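# Understanding the architecture of this molecule
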Amino acid sequence: MTAAQADAAARRAPAARQGFSYATRVRLTRWIIFAGLLLAWEVYGQTLANPRLISPPSGVLYALFSEILADSRIVTAIFESFREVIVAYVASIVLGLAIGLGVGWSNFGRRSFFPIVLLLYAIPQVILLPLFVLIFGIGPACKIAFGISHGVFPIIVNVIAGMRNVNPLYLRSAASMGGSAVDVARHIYFPHMVPSLFTGLRLGMTMTLLGVILAELYVSTQGIGYWTKVYAETFDPAPLLALIAVLALMAIILNSLVRVGERRFTRWRN
Amino acid sequence: MSDASTFTTRSIQIAFVAIMIGVWYGVTTTGSVTPLFLPPIDAVKSAFVRLVQTGQFWSAVRVTLTTIAQAWLIAVVMGILVAYLVTRSKFLVAVFEPVIASTFAIPLTLLFPLFILFFGIGPNSKVAYAATYGFFPVALNTIAGLSSVNEHYLRAARSMGASGFDTFRHVLFPAAFPVILTGLRVSFFISFASVLGGETLSSAAGIGKNIALAAELMEPARMYAWIVFVICTTVTLNFVVSAFENRRREY
């Protein structure tokens, strides 16, 4: 082996030793940082932390099985909020599509009503939460209604934005070939608005979750809001963190499902 | 957009508001809606006047505004700082950007009980909650802005001997500024809504607390006075911000 060859081999070696692709290294780094943080939290929680404020991850995991999942009332509350999110989300999609298509159909509708929709979207709806409770009571109806009021706006906005991007030539040619309103919606608007629609559906899920959780936390006499209040007021962080983790996991799973759907339905465009 | 169509659009919007007020007036005077859900406009007006006269109004507004200002400031500083550190390398952006983005998709309201546990029901828990929520749009937009700065500018700055801070101050920040500005705007409105939300959920003072309290005490007129006030404030703020942005875009 000549000196030049050895040099080249030595230069190649590190790359060969690392062996991981860029994407794997990114993911690996992410997991290492995550594990490091978890470990630091565990050590901090076991030693220095005030046990009335912070519980180590092991304590949270223990509380998850011994207190949260073992208590059928809490499990029922979690399933109840899951059901509320689903119902609110489906209703948001139906309402959002109907209103979005109605407003976005004509130039006139878009120009006159879209700014109104945007204005309503900009209002911090949380100030209406006490009003929702006054009207719908403290049961699931209130949480579903509040979830819809949050989830419907991003869907409307993105449906309208998607319709605006459709090439007017397609609409004119469909009209000249005698396409009905249903034909136009089915064959022109829907296929072209898919990316924008799915952005709306993704944001709609995030907002529906936000609305339902806000209403759940506000109604502190029952459901999840009751339990978070109890744990926070009795300075019992382990079950509180476990409950929050379960709900966050629910949110993550629902968000990923929407994202999987988005990828599946937008694939044909690439 | 031509002047004529702007005029038409504006008229329709004004008509919309007028119709809403008309409907409100109509259903409350004919009594088709119970005053508990929708009190008459006059009652709301006099409730608002009473609020201002008793001084409750200004003390609540002051608490809420201070909380929003603190939360937003923290969100902006932390967001830009984190984004600056993350954009030091493409690898770090690839590691952290998706994590920050997908965390923002979780309803962070879930953390609110934790903040109550840590900071109590005073304004500090609202500051922490709103700052956490407001951090994300600043960080995400600043990362997007900083990592899309043209590579040539950076290389030119470096070749002319600019230090790290010089590059940030004179090249990176100005180039990314429009995108960062969007982040700041979104963050402000999120902080605004989060503070009001936090106050509504659990608080000792502020506008949100007053709305929740009025609802609990079955005083809809007072509740609506606050709601109308917040809505008018938001709409005005939105107009001001979008006018400002349009002006900037014309430059």
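Residues numbered from 1 in each chain as written. Chains lettered and ligands numbered in written order. Predicted model: local features only at pLDDT ≥ 70, side-chain atom pairs only at ≥ 80, totals over all residues. Heavy atoms only, no water.

## Observations concerning the interface of chain A and chain B
So the rule is basically this: Whether two residues are in contact is decided by their heavy atoms: any pair within 4.5 Å suffices. Note on definitions: buried area is the accessible-area loss of two parts on being combined, 1.4 Å probe, summed for both. Polar contacts, as counted here, are pairs of nitrogen or oxygen atoms within 3.5 Å of one another; within protein the pair requires one atom able to donate a hydrogen and one able to accept it, and residues that are adjacent in sequence qualify only if both atoms are side-chain atoms. Every helix listed is a DSSP run of H or I at least four residues long, and every strand listed is a run of E at least two residues long, numbered separately from the N terminus. Amino acids outside the nonpolar list (Ala, Val, Leu, Ile, Met, Phe, Trp, Tyr, Cys, Pro) and the charged list (Asp, Glu, Lys, Arg) are all regarded as polar, and Gly is one of them.
Across the contact, 46 residues belong to chain A and 47 residues belong to chain B. Roughly 4100 Å² of surface becomes buried between chain A and chain B when both sides are summed, with 83% attributable to carbon and sulfur atoms. Counting across the chain A and chain B interface gives three residue pairs in polar contact (both at pLDDT 80 or more). Contributions of two or more residues to the side of chain A that touches chain B are made by α2 (22-46), α5 (107-122), α6 (129-136), α9 (181-218), α10 (223-233) and α11 (237-266) of chain A. The biggest single contributor to the side of chain A that touches chain B is α11 of chain A, with 10 residues. Partitioned by chemical class, the residues of the side of chain A that touches chain B number 36 nonpolar, five polar and five charged.

## Some details on the nonpolar core
For the record, the criterion: In this text, buried Ala, Val, Leu, Ile, Met, Phe, Trp, Tyr and Cys residues form a nonpolar core when linked through side-chain atoms within 4.5 Å. Only protein chains enter the area calculation, which uses a 1.4 Å probe; residues under 20% of their type maximum are buried, those over 50% are exposed, and those in between are partly exposed.
Ranked by internal contacts, the top residues of the largest apolar core, which has 119 residues, are I68, L129 and L243 of chain A together with M223 and W226 of chain B. It is α9 of chain A that provides the largest number of residues to this core, a total of 17 residues. Those residues within four positions of I68 of chain A in sequence are excluded, and the remaining contacts are A63, I74, V75, I78, Y231, P239, A242 and L243 of chain A. Membership of the second largest hydrophobic core comes to 14 residues, among which are V76, L154, F168 and I180 of chain B.

## Side note on the domain arrangement of chain A
All names here are of chain A. Selection criterion: As used throughout, domain bounds are those supplied by an automatic or database domain assignment. A carboxyl oxygen of Asp or Glu within 4 Å of a side-chain nitrogen of Lys or Arg is what we treat as a salt bridge.
Domain boundaries in chain A define domain 1 (1-48) and domain 2 (57-269). Computed over C-alpha atoms, the centres of domain 1 and domain 2 are 39 Å apart. Taken together, the contact pairs four residues of domain 1 with four residues of domain 2. Across the domain 1-domain 2 interface, the total number found is zero salt bridges. Here domain 1 is connected to domain 2 by one residue pair in polar contact (both at pLDDT 80 or more).

## Quick word on the packing of aromatic side chains
Given two aromatic rings, one states the distance between the centres and the angle between the planes to describe the pair. Rule in force here: Classification of ring pairs uses Phe, Tyr and Trp, with its six-membered ring standing for Trp, and accepts pairs whose centres are within 6.5 Å; under 30 degrees between planes counts as stacked, over 60 as edge-to-face, and the remaining range as tilted. Think of it as a cone above the ring: NZ of Lys or CZ of Arg counts as a charge over the ring if it is within 6 Å of the ring centre and within 35 degrees of the ring normal.
One pass over the structure, following the stated rule, counts 27 aromatic pairs over all chains. Between Y226 of chain A and W227 of chain A, the aromatic rings sit 5.1 Å apart at their centres with planes inclined by 80°, giving edge-to-face as the arrangement. A residue is classified by how much of its surface remains accessible, and Y226 of chain A, at 34% relative accessible area, is partly exposed. Look at F173 of chain B and F177 of chain B: their rings are 5.7 Å apart centre to centre, the planes differ by 55°, and that puts the pair in the tilted class. Pair noted here: F173 of chain B and F177 of chain B are both in helix α8 (residues 164-201), with a separation of four residues, about one helical turn. The exposure class assigned to F173 of chain B is partly exposed, which follows from its relative accessible area of 26%. Among the aromatic residues, ring-to-ring pairing joins F104, F112, Y129, Y133, F135 and F136 of chain B into one connected group. The ring of Y84 of chain B carries R88 of chain B above its face, with NZ or CZ at 4.1 Å from the centroid.

## Quick look at the pattern of salt bridges
Within this structure, the stated rule accounts for six salt bridges over all chains. As a salt-bridge pair, K143 of chain A and E216 of chain A come within 3.8 Å of each other at their nearest N and O atoms. Here K143 of chain A, found in helix α7 (residues 140-164), pairs with E216 of chain A, found in helix α9; they are 73 residues apart in sequence, far enough to count as distant. Residues K143 of chain A and E216 of chain A agree in their burial class; the two are buried. The residue E219 of chain B makes a salt bridge to R222 of chain B at a minimum N-O spacing of 2.9 Å. Given a relative accessible area of 34%, E219 of chain B falls into the partly exposed group. Assessed through its relative accessible area of 14%, R222 of chain B is described here as buried.

## Thoughts on a nonpolar patch on the surface
Residues and elements named next belong to chain A. Put simply, the rule is: Patch building starts from residues that exceed 30% relative accessible area and form no salt bridge, then joins like charges within 9 Å and nonpolar side chains (Val, Leu, Ile, Met, Phe, Trp, Tyr) within 5 Å. A 1.4 Å probe and the Shrake-Rupley method give the accessible areas. Residues count as covered only by the protein chains that appear here.
Together, F79, F82, I86, V90 and V94 give the surface a local cluster of nonpolar side chains, amounting to about 450 Å² of exposed area. Relative to the helices and strands, V94 is located in helix α4 (residues 72-104). On the basis of relative accessible area, V94 is assigned to the exposed category, the value being 54%.

## What about helix α2 (residues 41-54) of chain B?
All names here are of chain B. Under the convention used in this document: A helix's residues, less one, multiplied by 1.5 Å, set its expected span. By arc we mean the arc of the directions from the helix axis to the C-beta atoms, nothing more.
With 14 residues, α2 ought to run about 20 Å at 1.5 Å a step, and its terminal C-alpha atoms sit 20 Å apart, in line with that. Those residues of α2 that sit buried are I41, V44, A47 and L51. In an axial view of α2, the angular spread of the buried residues amounts to 125°, which keeps them on one side of the axis. Exposed residues lying more than 90 degrees from the buried face of α2 are D42, K45, R50, Q53 and T54.

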